Every structure is written in C-alpha cells, then in structure tokens.
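Geometric and topological summary
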Amino acid sequence: MMGEAEKNIAAAARALEAGKLVAFPTETVYGIGGDATSDAAVAAIYAAKGRPPFNPLIVHMCSLTEAKKYVDVTPLAENLAAEFWPGPLTLVMNRKKSCTLSLLVSAGLNSVAVRVPAHPIARRLLEECKLPIAAPSANRSGRVSPTTAAHVKGELAGEVAMILDGGACEVGLESTVVDATGEVPVILRPGSITREMLEAVAGRVEMAGVGDPIKSPGMLERHYAPNATLRLHAKDVQKNEALLAFGKPLAGHAIMENLSPSANLEEAAANLFAMLRRLDATGAKQIAIMEIPEKGIGLAINDRLQRAAKLT
Ligand code: TXA
Ligand code: MG
C-alpha cells in the first residue's frame, strides 16, 4: 500500500505547508487537500473543484486530541470518536471561539466537519505536516468521486502540486457524516459506518430530512454524476443501454460491469464509482442499474445513485 507514495509523503507535507494543494488517498475516496488554517489554501480548493461557496469542507486531523483544539467535542462526539476513529466517520461539531481554522471551511456555518482517516498514507501525511488538512473528494464539483490516483489525474492534475498514489480505495464511498453537536446523532450523509453501527453506540439515531439546507448544505445538488443518464431499479436492459449489474446480471446487455457477482454490498460499494466511470467512458448514453438492497451500506450506495441519477 505504501511504496512510491511513502517516499513522496515528506514532499507532500512541505507542499501543504507552503500553501499548495495535494491529492491523497483515504480509505473512502481520494481527497484534494490544503492547509485548513489558511484562507488562501482553502479558497484554492474551492476554485480547483469549482465548488459552490455554500458547501463546507471536511477537515482531516490526526486525532481526537487534535480536534479538541478547534471544536467543542460533545459527549456524543467523544463516544462516536472512541468507537469509530480513525475511520470513515465525519463528525460535525461547533467551532470553539479560539478556532484558528479558516472560516471558509465552514462556509458560513458555526460548525466544522472533522474526520480522522484510517488510511496509512493519510495518517502519515497528517503527522508529517502537523496541520489540519481541509480535503473534499478530489473530483470536480458534482462529478463522480475518485477511488484511484488515475481518476484524480484525469480531472485535477493541473490543480495540485502532487498526487500521492495509494492504489484503489478500500471502502469506495465517502465517509458517513454525522451532526454530533447535540445529544442525538443526525446522519447527514450515509456511508459505510451504518445507522445500525451508530445505534449500537449512541442508541437513538436520526436521519437528516431531505432538503434540510442548513444541516446538510452539500446534499441538495445533483452529485456523483456521470455523462450518461442513469435508470435505477432496472428489471430489464433496453436497446443501447449499458448495464450496471448487482448479483446475477439481467439478460440482453452488450456492455456490462458487475458491482458484485456474489451480491456483496461492501464489494459493490468499493466498485461503484470506478464502474460508473468505466461505463461512462464507453460512450453509452444510458446506464441501467439493477436494484441494490436498502440495508447496511446499501443505503449509502442508493443515496449516491439517486443523486447521480438526478437530471438537474
Ligand atoms: O470520505 C470523505 O468524507 C472524503 C474523504 C476525502 O475524506 N471527503 C469528502 O468531502 O467526501 P466532500 O467535501 O466531498 O463532502 C463533505 C460533505 C458535504 O456533503 C458537506 O456538505 C458536508 O460534508 N459538510 C462539511 N462540513 C459540514 C458542516 N459544517 N456541517 C454540515 N455538513 C458539512
Ligand atoms: Mg464530494
């Protein structure tokens, strides 16, 4: 997993310290990172992605102790962090008065989304630069998230000083985002840390209402979108459609990718974005997507597919 990237970690840390942007792997997807305490670096991230200014960024840190320097860690956040950090869980917490993170990472809110990633390259990078790193997924705003270094290179090569290559991301879907400012966790974005897993630690868990613009500002847009249109819950394959299968493929396809021949949801999550990109690259005008069970990480897969299928 390390290899070539390891040699480049020190150079990447120096680039971040100098205010430049660096793309790096996490266990979920690749991020495009910059110094979270620098307005200029954070502004450069928004510009590189073409990201709307009302959509706040996740700040990556190396530990809960580090997070406590910047945000009010509620007892709920403390419990969730103890169970799931490092890992694919992002906790939204309120800024401390003394918080030195750029206000731009919060996009006008009083809160910051913090995540302590588990990927060894991300961890080494955070330790090496001793900076909190603001890092959204390393794709142009609204497009499919990158799960390999090649995906990042194709879209953002000109915008970053370096791309650390850690191979394919293990999880393949972005982190679960949870508002942990209150007593009950609210899921703002589903992910591989499932509602059931959160309930096991926190008891009651709520889901953010669709279109709650204050709680989940980034969740309104069309997102994860390929060029092809998507047809969800397909029970057949129409002429000129490519097929994205799950389990036993539907008959009648000319072009197909299979998220998981054995109908394993974790495998499907890890394959989702790369397969959407590959089917898109065939030039197919429409992709028929088979039903994905609405359980466990399947909720997160369906969340991404529904937003990718939106036409506006
Ligand atoms: O797995 C991930 O989370 C990846 C890797 C790179 O860590 N990052 C990622 O970042 O997916 P991004 O920017 O693509 O998604 C961040 C999500 C958006 O939906 C955004 O609206 C939400 O987190 N968010 C960020 N700060 C927030 C805040 N203060 N309050 C509520 N939602 C917030
Ligand atoms: Mg994103």
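Since we're looking at a predicted model, the values are computed, not measured. (Residues numbered from 1 in each chain as written. Chains lettered and ligands numbered in written order. Predicted model: local features only at pLDDT ≥ 70, side-chain atom pairs only at ≥ 80, totals over all residues. Heavy atoms only, no water.)

**Focus: the pairing of strand β6 (residues 111-115)**
β6 sits mainly inside the fold: five of its five residues count as buried. Burial of the side chains of β6 extends over both faces: Ser111, Ala113 and Arg115 are buried on one face and Val112 and Val114 on the other. Note that strand β3 (residues 58-60) and β6 share three bridges and pair parallel. Residue pairing for β6: His60 is matched across the bridge by Arg115. (Buried < 20%, exposed > 50% of the residue type's maximum accessible area, 1.4 Å probe, protein only. Helix = DSSP H or I, 4+ residues; strand = E, 2+ residues; numbered from the N terminus. Pairing = 2+ DSSP bridges.)

**Brief notes about the packing of helix α4 (residues 75-84) against helix α7 (residues 195-202)**
Following both chains from N to C, one finds α4 and α7 inclined at 120°, their axes separated by 10 Å at the closest point. Judged by the angle between their axes, α4 and α7 are oblique. By crossing handedness, the relation of α4 to α7 is classed as right-handed. The segment α4 lies against α7, with Leu76, Asn79, Leu80, Glu83 and Phe84 engaging Met197, Leu198, Val201 and Ala202. Class assignment for the residues of the contact of α4 with α7 results in seven nonpolar, one polar and one charged. (Axes fitted to C-alpha atoms, helices over the stretch in contact; angles between N-to-C directions. Parallel < 35°, antiparallel > 145°, perpendicular 65-115°, else oblique. Left-handed = near helix turned anticlockwise from the far one by under 90°. Contact = heavy atoms within 4.5 Å. Nonpolar A, V, L, I, M, F, W, Y, C, P; charged D, E, K, R; others polar.)

**Some details on α4**
All of the buried residues along α4 are Leu76, Ala77, Leu80, Ala81 and Phe84. In an axial view of α4, the angular spread of the buried residues amounts to 125°, which keeps them on one side of the axis. The outward face of α4, more than 90 degrees from its buried face, is lined by the exposed residues Pro75, Ala82 and Glu83. (Arc of directions from axis to C-beta.)

**Here's the deal with the site of ligand 1**
As a structural note, the neighbourhood of ligand 1 is formed by 27 residues, with Thr28, Arg51, Asn55, His60 and Ser175 the closest of them. For ligand 1, an oxygen atom lies 3.0 Å from a polar atom in the side chain of Ser137. Protein chains shield 97% of the accessible area of ligand 1, which is 680 Å² for the free molecule. The set of elements that each furnish at least two residues to the shell around ligand 1 consists of β3, β6 and β10 (186-189). Of all the elements, β6 adds the most residues to the shell around ligand 1, at four residues. Among the residues forming the shell around ligand 1, the class breakdown is 14 nonpolar, eight polar and five charged. (Near = heavy atom within 4 Å. Polar contact = N/O pair within 3.5 Å; in protein donor to acceptor, adjacent residues only side chain to side chain. Areas by Shrake-Rupley, 256 points an atom, 1.4 Å probe, with all protein chains shown as cover.)

**Here's the deal with the nonpolar core**
Core analysis: the biggest nonpolar cluster contains 45 residues, and Trp85, Leu89, Leu91, Leu101 and Leu198 have the highest contact counts within it. Elements supplying a minimum of two residues to this core: α2 (39-49), α3 (64-67), α4, β5 (89-95), β6 and α6 (149-156). Excluding residues within four positions of it along the chain, Leu101 makes contact with Ala36, Thr37, Val59, Met61, Tyr70, Arg95, Val112 and Pro132. Counting 28 residues, the second largest nonpolar core, distinct from the first, contains Ala269, Ile297, Ile301 and Ala309. (Core = buried A, V, L, I, M, F, W, Y, C linked by side-chain atoms within 4.5 Å.)

**Regarding unusual backbone geometry**
Of note, the bond from Trp85 into Pro86 is cis; its omega dihedral lies within 30 degrees of zero at -5°. Looking at where Pro86 falls in the secondary structure, it is placed in the loop between α4 and β5. At Asn240, a position not held by glycine, the phi torsion is positive, near 70°. When you line up the elements, Asn240 lands in the loop between β12 (229-234) and β13 (241-245).

**Topic: the sheet that holds strand β14 (residues 256-258)**
Pairing is parallel across the open sheet formed by four strands, whose spatial order is β12-β15-β13-β14. Edge positions in the sheet fall to β12 and β14, since each of these pairs with one other strand and no more. Each adjacent strand pair in this sheet contributes to an overall mean axis angle of 20°, direction not counted. Across three bridges, the pairing between β13 and β14 is parallel.

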